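Spelled out from the first residue to the last, the chains are:
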Amino acid sequence: MMKLPTLLNRVLAAPVDLRRALAATLFLGAATGIFQATLNNYLAQVHQLEPAARGWLEFPRELPGFLMMFVAGAMLTVLREPQMAALAMLASAVGAVGLGFFAPSTALLVVFVVVWSLGDHVAYTVEGPIGLQLAQGGREGKRLGQFGGARNLGTILGVGTVFCLARIFGDRFGLFYAIAATSALGAGVFYSSLRVGQRERRSRRIVFKRKYGLFYAISALFGIRKQLFLAFGAWVLVELHGVTVSTIALLYFIAATLGVIMRPLLGEVIDWLGERTVLAVDELLLLGICLTYAFAGDLLRPGLALYALYGAYILDAVLFALRIARVTYLRKIADDPAEITPTVSMGITIDHSVAMTLPILSGYIWEAFGFRWVFLLAGAIAVAGFLICLRIRVPGPGEGNLRGSESAP
């Protein structure tokens, strides 16, 4: 294992833009980790939302994602990706402060969740393209994996802070979201200082091609998976097992710690095995996670069942890192580098057109038939995802497109 001084020396020797981008990603990870680790407890304890209402909240929360094709298209007319990320972090900071101090009613809750979500989705849209601009040809997975490791390190710092503060002061959500806002502003400062991509042609505003159909399909499946587990994975722990915010933060902390090591390794695995194999295996592991959520309580004694759910929650968070395989796949099949950012935004719009409604349906399924059927539905979607991922093909060496066509610092 690489010694810490050696790792620090390598980071300090990296190009300035790479160091700044990694720092921005670290602060982004802290802000996002705090938000995701506390949201379900915040909704349950402060606003007393029921499962159906929790599902409905996903509609406005994911509305910015559905509109991302148009939002990103408009921003690309005047901004480059680092500037978009900086503005996104400002929006996230405003949303976090609003949730912490200015959301006593459900209406204001929705407003500030949407503001946070707008920043989060814009940052997600440009995070991959920024990483690709800093990657050497053929090592895209490694570079994006390094960014994922930095994000997880930020999550460790942010969620670790929440865990300690929750232990000392209790669930002080205003304090938690103030820290999230500060972290988001820190990310914005570093993003605004990036100069990467200034010599390249500006990204196109809107791209929709039949050639990218499989990328759109994979994005839709990932969006469904993300929404079901963000909305109901932690909700099982909080609502059915009474898990506290400090315990959820601890689970996030464990997953993030594993991610610091695993994300760079998974990035290299993508470069080694290819997107087809990695994404197909991810869907099979997701099926196992779904079955654990559905049947652990029936097959295991209560204490052991809860630990099995903890394990499923952590594994799902670690596997989340494999989302970078979609971006590296797009890089390899794209006709033009200027099409990557708008195609990612189109993929987000498509996946949200499906994912926005599914949590609402799942909330009703939970109340009508029980939580188990929500995860059986997710398992069926994982099987469909496995079959779709088996259709992935990328150009081989010498077959054109962008693989290996560009070099970065």
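Going by the structure above, here's the rest.
On a predicted model such as this, the values are computed, not experimentally measured, just so you know.

### Here we look at the overall build of the protein
Then, number 1: The helix and strand inventory of the protein stands at 16 helices and zero strands.
Then, number 2: Based on the C-alpha atoms only, the size of the protein along its principal axes is roughly 55 × 45 × 40 Å.
Then, number 3: Taken across its 409 residues, the protein has 57% of its residues classed as buried.
Then, number 4: Restricting to contacts in the protein with at least 6 residues of sequence separation, those with at least 24 account for 87%.
Then, number 5: Total accessible area computed for the protein in this model is approximately 16800 Å², and 67% of it derives from carbon and sulfur atoms.
Then, number 6: Of the charged side chains in the protein, 35 are positive and 25 negative, and the gap between their average positions amounts to 6 Å.

### So, unusual backbone geometry
Then, number 1: Even without being a glycine, glutamine 48 presents a positive backbone phi close to 50 degrees.
Then, number 2: With respect to the helices and strands, glutamine 48 occurs in the loop between helix 2 (16-45) and helix 3 (51-66).

### Quick look at the packing of helix 2 against helix 9 (residues 213-241)
The packing of two helices is summarised by the inter-axis angle and the distance between the axes.
Then, number 1: For the pair helix 2 and helix 9, interaxial distance at closest approach is 10 Å and the crossing angle is 65 degrees. The hand of the helix 2/helix 9 crossing is right-handed. For the pair helix 2 and helix 9, the contacting residues are Gln36, Asn40, Asn41 and Ala44 in the first and Leu230, Ala231, Ala234, Trp235 and Val238 in the second.
Then, number 2: Across the contact of helix 2 with helix 9, the residue classes break down as six nonpolar, three polar and no charged.

### Thoughts on the environment of arginine 225
Then, number 1: Structurally, the position occupied by arginine 225 is in helix 9.
Then, number 2: For arginine 225, a relative accessible area of 6% puts it in the buried group.
Then, number 3: As a C-alpha pair, arginine 225 and glycine 267 span 42 residues in sequence and 20 Å in three-dimensional space.
Then, number 4: Beyond its immediate sequence surroundings of up to four residues, arginine 225 is in contact with Asp282, Leu286, Asp316, Leu319 and Phe320.

### A short note on helix 6 (residues 106-133)
Then, number 1: Here helix 6 contains 28 residues, and its C-alpha end-to-end distance of 41 Å stays within 8% of the 40 Å for a straight helix at 1.5 Å per residue.
Then, number 2: At valine 126, helix 6 is bent by approximately 25 degrees, the largest bend along its length, and proline proline 129 sits one to four residues beyond.

### Here we look at the packing of aromatic side chains
The relation between two aromatic rings is expressed through the spacing of the ring centres and the mutual angle of the planes.
Then, number 1: Under the criterion given, the structure shown has 14 aromatic pairs.
Then, number 2: Ring geometry for phenylalanine 35 versus tryptophan 116: centroids 4.3 Å apart, planes at 15 degrees, classification stacked. With a gap of 81 residues between them, phenylalanine 35 in helix 2 and tryptophan 116 in helix 6 connect regions that are remote in the sequence. As far as the burial class goes, phenylalanine 35 and tryptophan 116 line up, both buried.
Then, number 3: For the pair phenylalanine 35 and tyrosine 177, a centre-to-centre distance of 6.2 Å together with 50 degrees between the ring planes defines the contact as tilted. Pair noted here: phenylalanine 35 is in helix 2 and tyrosine 177 is in helix 8 (residues 173-192), with a separation of 142 residues, a long-range link. We note that phenylalanine 35, like tyrosine 177, is buried.
Then, number 4: By the ring-pair criterion, three or more aromatic residues cluster together here, those being Phe35, Tyr42, Trp116, Phe173, Phe176 and Tyr177.

### Let's talk about the environment of valine 344
Then, number 1: Looking at the element boundaries, valine 344 is found in helix 14 (residues 340-355).
Then, number 2: A C-alpha to C-alpha distance of 20 Å links valine 344 and glutamine 146, two positions 198 residues apart in sequence.
Then, number 3: With sequence-adjacent residues up to four places away left out, valine 344 is seen in contact with Thr125, Phe215 and Leu330.

### Quick word on the pattern of salt bridges
Then, number 1: Under the defined criterion, the tally for this structure stands at nine salt bridges.
Then, number 2: The partner of arginine 61 in a salt bridge is glutamate 62, and the shortest N-O contact between them spans 3.3 Å. The residues arginine 61 and glutamate 62 share a single accessibility class, namely buried.
Then, number 3: Lysine 209 is the salt-bridge partner of aspartate 335, the closest N and O atoms lying 3.0 Å from each other. Of the two residues, aspartate 335 is situated in the loop between helix 13 (324-333) and helix 14 and lysine 209 in the loop between helix 8 and helix 9; the sequence distance between them amounts to 126 residues.

What counts as what
Residues numbered from 1 in each chain as written. Predicted model: local features only at pLDDT ≥ 70, side-chain atom pairs only at ≥ 80, totals over all residues. Heavy atoms only, no water. Helix = DSSP H or I, 4+ residues; strand = E, 2+ residues; numbered from the N terminus. Buried < 20%, exposed > 50% of the residue type's maximum accessible area, 1.4 Å probe, protein only. Contact = heavy atoms within 4.5 Å. Areas by Shrake-Rupley, 256 points an atom, 1.4 Å probe, with all protein chains shown as cover. Lys, Arg positive; Asp, Glu negative; His and termini not counted. Charge placed at Lys NZ, Arg CZ, Asp CG, Glu CD. Axes fitted to C-alpha atoms, helices over the stretch in contact; angles between N-to-C directions. Left-handed = near helix turned anticlockwise from the far one by under 90°. Nonpolar A, V, L, I, M, F, W, Y, C, P; charged D, E, K, R; others polar. Expected span 1.5 Å × (residues − 1). Bend = angle between axes of the 7 residues up to and from the residue. Phe/Tyr/Trp six-rings, centres within 6.5 Å; stacked < 30°, edge-to-face > 60°. Salt bridge = Lys/Arg side-chain N within 4 Å of Asp/Glu carboxyl O.

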